[in-house]
Amino acid sequence: MTLGQRISEYRKKLGISQEELGARLGVSRQAVSKWETDIASPDMENLLALSREFGISVAELTATPEETPPEPQAPEPSPTGKGFPWKGLCFALLACVLVLGALWWNARRNVEHLPSSSAQGDPDGPQTDFALVFDWMEPPEFLELGEQKEDYPFGVDLFLQGPDTVVTGDNGETVHTLGDLSKDHFRLSYTQYEDGGQTYRILTMLECVGTKEISTPRGIHVGSTKAEVVGVYGMDLVYCVKQEYGELLTEHDYYYAYQPQEAFSLSLCFFMKDGLVAGIRVENMQDLGNDAYAVDNLYTFPILTNGDPDYSHRQDIYQEPVDATRSVYIAWNALVTRENLSAEERYAYRRDVFSSLPEMDWQEFMQLGGSDDPVTTAEAFADWLRNQESFSEGEIYYIQRGSMAKGLDGAYSENYDSILAAALAYDPVGFAKQLAYDSGADESQLRTHVLMSAAYGIDYTPTRASAAVEKLDAAIGTNALTEEENAWARLLRYYLANPNNGDYSDYPKTPEDLPA
């Protein structure tokens, strides 16, 4: 029986709730709940208070047996002729060692959870889960993600042998990476920039391999078991398949990612090899936010209570044949969840997404995410399409043809109008060229649908519509367009320059129908 189970059992014998026990001890109900579920364990002060409430000794509460005094016996003669109770003294010392050992082990394994949203526990210790503690220091020191008040090494007695590698970021900031994992077993990255005459230093990543003397605030370190990781971090963990790309922190079979919703963009990863922690990474995922380790059932999965991956909604990426809907889903998930994609991989995945748009089934697509609310899967994908920074002319072609895909009706049809509008606003001339493209099939109905839908979508942003008209005006009548492309550019301009609150039923359907 664990310490938490014993606390629960004795509380129930008293016939009181977790809330009442917490009130008696001056702690929250949540703290009692964490003790009873072994997510955390009480410190010495609370152990003493619990033993008083339950009317038992600390040894009984921690399941450390107290030695029963032996029956009185005649003392054996000592070499000096004087009797001394050596055996009793040894038993007493052993009992003390066992009590202190049990308390230390429970405290080491289950440090009280420090939510990322509020500071609790030791005011001088880490205030979130996103830190690493240097246990060899006395007292232990730590580094925690976020803004640092001091210059490197940020008030910590830390010497790293690895060089300071400095690169310049997109906004002029300097990104420093220090430490040699083979020598220091530790590496960190931080960003430094100037603003308004003030220097800011943001710690963005901490990495640890090869040593048990660096741990998380909850006491997990390299060498901790799978059971210990899952026991401490619980069902908030997600299971991530083995990385096959980019720089690997350490050799591993899979890794666990911990990123609760309230810890926006911050993550904690445990790289597992043969059931043990082989490396730890604490990182600010920045632009990826809470989607960095979102369950996609392709590469990232929820876990079962024993820590194994829950494959109940797995999408088999090797399934043959892969239809257009599944092809879009797989490629899109790779683009939004996988880090360090090469340029070739990113190009291939984007090609798969856009080229399969005309053949996909949106109703089927909604079911692939395994979400309790399937609608959110399609909405997330539509948002991704609409918010792309750029579109090639080929991608615009497939977006236009995808506007009449199967299952794209009702609210989803209007949602797709905004995707057409985004592509139109990005490249109005390219949009006109793709309308004019002759695929050899009768696409008159498609072209009319695209014109009306794109115009309807861009009606909501008159500034973008005006900018598109200006770009079309600059291209119409020039050598940049063929005769056919010029004709469709004029028709597109007519729609944009004459908005009609989405009602284009009486508008010309082909360039030949344009008024003189």
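Residues numbered from 1 in each chain as written. Predicted model: local features only at pLDDT ≥ 70, side-chain atom pairs only at ≥ 80, totals over all residues. Heavy atoms only, no water.

Student: How do you make sense of the pattern of salt bridges when you look at a structure like this?
Tutor: The tally for this structure, following the rule as stated, stands at 17 salt bridges. Taking the shortest distance from any N to any O, the salt bridge between Arg351 and Asp352 comes out at 3.5 Å. The partner of Arg401 in a salt bridge is Glu443, and the shortest N-O contact between them spans 2.7 Å. With Arg401 in helix α12 (residues 393-401) and Glu443 in the loop between α14 (428-436) and α15 (444-458), this pair connects stretches of sequence that are 42 residues apart. Taken individually, Arg401 and Glu443 each receive the classification buried, so the pair is uniform in this respect. (Salt bridge = Lys/Arg side-chain N within 4 Å of Asp/Glu carboxyl O. Helix = DSSP H or I, 4+ residues; strand = E, 2+ residues; numbered from the N terminus. Buried < 20%, exposed > 50% of the residue type's maximum accessible area, 1.4 Å probe, protein only.)

Student: Please clarify how the side chain of Ser224 should be interpreted in this entry.
Tutor: Looking at where Ser224 falls in the secondary structure, it is placed in the loop between β8 (214-215) and α7 (226-233). Overall, Ser224 belongs to the buried group, its relative accessible area being 2%. Setting aside its immediate chain neighbours within four residues, Ser224 contacts Gly219, Gly275, Leu276 and Val277. (Contact = heavy atoms within 4.5 Å.)

Student: Sorry, what's going on with the nonpolar core here?
Tutor: What tends to happen in soluble globular proteins is that the nonpolar side chains get buried as a cluster. Formed by 64 residues in total, the largest nonpolar core has its most connected members in Val353, Trp362, Phe381, Leu385, Ile399 and Phe431. Looking at this core, the element that brings in the most residues is helix α13 (residues 411-426), giving nine residues. In contact with Trp362, other than residues within four places in its own chain, are Ala378, Phe381, Leu385, Ala405, Lys406, Gly407, Leu408 and Tyr416. Of all hydrophobic cores here, the second largest spans 39 residues; its members include Met137, Leu143, Cys208 and Ile220. (Core = buried A, V, L, I, M, F, W, Y, C linked by side-chain atoms within 4.5 Å.)

Student: I'm lost on the confidence of the model for the protein in this one. Help?
Tutor: Put simply, the protein has an average pLDDT of 82, and 84% of its residues get 70 or more. Here residues 65-84 scores under 50 on pLDDT; set against residues more than four positions off or in separate chains, the count is seven contacts. (pLDDT = per-residue confidence, 0-100.)

Student: What is the right way to read the packing of aromatic side chains from this model?
Tutor: To describe a pair of aromatic rings, one takes the distance between the centres and the angle between the planes. Under the criterion given, the structure shown has 34 aromatic pairs. Between Trp332 and Phe381, the ring centres sit 5.3 Å apart and the planes meet at 65°, which makes this aromatic pair edge-to-face. Of this pair, Trp332 sits in helix α8 (residues 324-337) while Phe381 is found in helix α11 (residues 375-386), placing the two residues 49 residues apart along the sequence. In terms of burial, Trp332 and Phe381 fall into one category: buried. A ring pair is formed by Trp362 and Tyr416, whose centres lie 6.1 Å apart and whose planes are at 90°; its orientation type is edge-to-face. Of the two residues, Trp362 is situated in helix α10 (residues 362-366) and Tyr416 in helix α13; the sequence distance between them amounts to 54 residues. Three or more aromatic residues joined by ring pairs form one cluster here, namely Tyr329, Trp332, Phe354, Trp362, Phe365, Phe381, Trp384, Phe391, Tyr416 and Tyr426. (Phe/Tyr/Trp six-rings, centres within 6.5 Å; stacked < 30°, edge-to-face > 60°.)

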